[in-house]
Amino acid sequence: MGRARTLAEVYRRFGEVDAAGVSPLYERVAVALSESGEALRAIEAAPARRRRPALILAALHDLALAGRAPALASAYAAEDGDAAARAAIDTLLGTTGAVVDLAARRRTRTDETGRCAVLYPAVAEVARRVGARTVGLIDVGCSAGLNLTVDRVGIAYGNGQLLGDPSSPVRTECAVVGGRRVPEQVFPGVVARVGVDADPVDVTDAEEARWLRACLPPDRPELLARLEAETALLAADPPVLLRGDVVQLLPDALTRVPEDALPVVTTTWALSALAPESRLRFLRRLDEAATGRPVAWVSAEGVGVAPGIPTFGDRHASGHSIVGIAVFEHGALHAEAVGRCWSRGRTLAWPAGA
């Protein structure tokens, strides 16, 4: 077994590998942090699992956006790598407590609306199978809740198909592999939107919205513009956000869906954060809720992660995820794998016969 990387090596690798070609500013800043003993000692004040480069850089960026690190903000605005490296070290040393506090209580947030390209056809398909004209969306592990705007996003697939809302200010693209087209079912009306997360982000809160921006590299304005469009779309009709243990909160979330609508629970790479026994409890919660009406579940999870969902016989850790749909009704579970996807929904295959 190889030795564990030192903190300096972790930051250098982040700069030279992860940030290379993605963010020249972060490439320069991360390498500079790796070469500063003082900066590394300051980072070590954070809990061991909260010292990751992406999280510390987001904390520094948040301070810059909040006006608490003007030199760093100026360097970022000018896209001056050398000035940003110096200012990042100075900010870290001068506000170590603030950086550590942010790193300890925050987690980095990823772009989510790309997942809508996977969710849209799967939600439409499961609603068609149940015969539901209206649905209540419940996103488990919702983060900022961007999955809950799945019906309001324009989706362009690489095979020329266009789904979703063509007039939406938010558009996402998805490559399609294989010979089968993505199903073009009519999307049901959405009458409830509920997000469940241990630490959901309320985009109507200025501080929370700023943290989402802080998680983006400062030299990627196109990502910032997209995020602002996404959060504006969500803020126009905010979902109900439930904070706490996602499995325990499921019954509460399901009661938020009107009786005449189909509850559709969605999980996108959320179950891997749960222990195997918690995943089984999740499944039981859905089954228990389906005594008086059907309950649907749409999942995009790693191979074998979603209990009860077939896997096409694919091996675990295959590098892709399985798109599954399931319906719980009268004590019975009808589950099927309908697709494969890669890169968090940026590539989709809907196999023939699914």
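Note that the structure is predicted; figures quoted are calculated from it, not measured. (Residues numbered from 1 in each chain as written. Predicted model: local features only at pLDDT ≥ 70, side-chain atom pairs only at ≥ 80, totals over all residues. Heavy atoms only, no water.)

S.K.: Tell me about the pairing of strand β5 (residues 189–197), residues and numbers included.
M.R.: For β5, a buried count of 7 out of 9 residues is recorded, marking the element as mostly surrounded by other parts of the structure. Across 7 bridges, strand β1 (residues 134–140) lies against β5 in parallel orientation. Bridging across to β5, Thr134 finds its partner in Gly189. (Buried < 20%, exposed > 50% of the residue type's maximum accessible area, 1.4 Å probe, protein only. Helix = DSSP H or I, 4+ residues; strand = E, 2+ residues; numbered from the N terminus. Pairing = 2+ DSSP bridges.)

S.K.: Describe the pairing of strand β4 (residues 171–176), and please don't skip the residues or the numbers.
M.R.: Residues Thr172, Cys174 and Val176 point to one face of β4 and are all buried, whereas Arg171, Glu173 and Ala175, pointing to the other face, are not buried. Taken together, the 4 bridges between strand β2 (residues 154–157) and β4 define a ladder with parallel strand orientation. Pairing of Tyr157 across the sheet is with Cys174, part of β4.

S.K.: For the nonpolar core, give the residues involved together with the corresponding values.
M.R.: Core analysis: the largest hydrophobic core is formed by 40 residues, its most contacted members being Leu33, Leu72 and Leu92. Elements with a minimum of two residues in this core: α1 (7–18), α2 (24–34), α3 (37–43), α4 (53–65), α5 (70–78), α6 (81–94), α7 (96–105) and α9 (206–214). Top element by residues in this core is α4. It accounts for 8 residues. Those residues in contact with Leu72 that sit more than four places away from it in its chain are Leu60, Ala64, Ala84, Ala87, Ala88 and Thr91. (Core = buried A, V, L, I, M, F, W, Y, C linked by side-chain atoms within 4.5 Å. Contact = heavy atoms within 4.5 Å.)

S.K.: Can you lay out the sheet that holds β2 for me, pointing to particular residues and giving the numbers?
M.R.: The 11 strands are arranged β3-β2-β4-β11-β10-β9-β8-β7-β1-β5-β6 in an open sheet whose pairing can be described as mixed. Looking at strand neighbours, the two that pair on one side only are β3 (162–164) and β6 (240–243), the edges of this open sheet. Strand-to-strand twist in this sheet, taken as the mean axis angle between neighbours without regard to direction, amounts to 25 degrees. As judged from the 5 bridges shared by strand β7 (residues 262–268) and strand β8 (residues 295–302), these two strands associate in the parallel manner. Within β8, the residue paired with Val265 across the bridge is Trp297. Against the sheet, helix α8 (residues 116–130) contacts β1, β2, β3, β4, β7, β8, β9 (321–329), β10 (332–342) and β11 (347–349), and its axis sits at roughly 25 degrees relative to β9. Contacting β1, β5, β6, β7 and β8, helix α11 (residues 246–255) crosses the sheet at an angle of about 155 degrees to β5. (Axes fitted to C-alpha atoms, helices over the stretch in contact; angles between N-to-C directions.)

S.K.: I'd like a description of unusual backbone geometry, backed by residues and values.
M.R.: Positive phi, normally seen in glycine, also occurs at Trp269, with a value near 55 degrees. The phi torsion at Ala317 lies on the positive side, around 55 degrees, for a residue other than glycine. Its location among the elements puts Ala317 in the loop between β8 and β9. For Ala317, a relative accessible area of 82% translates into the label exposed.

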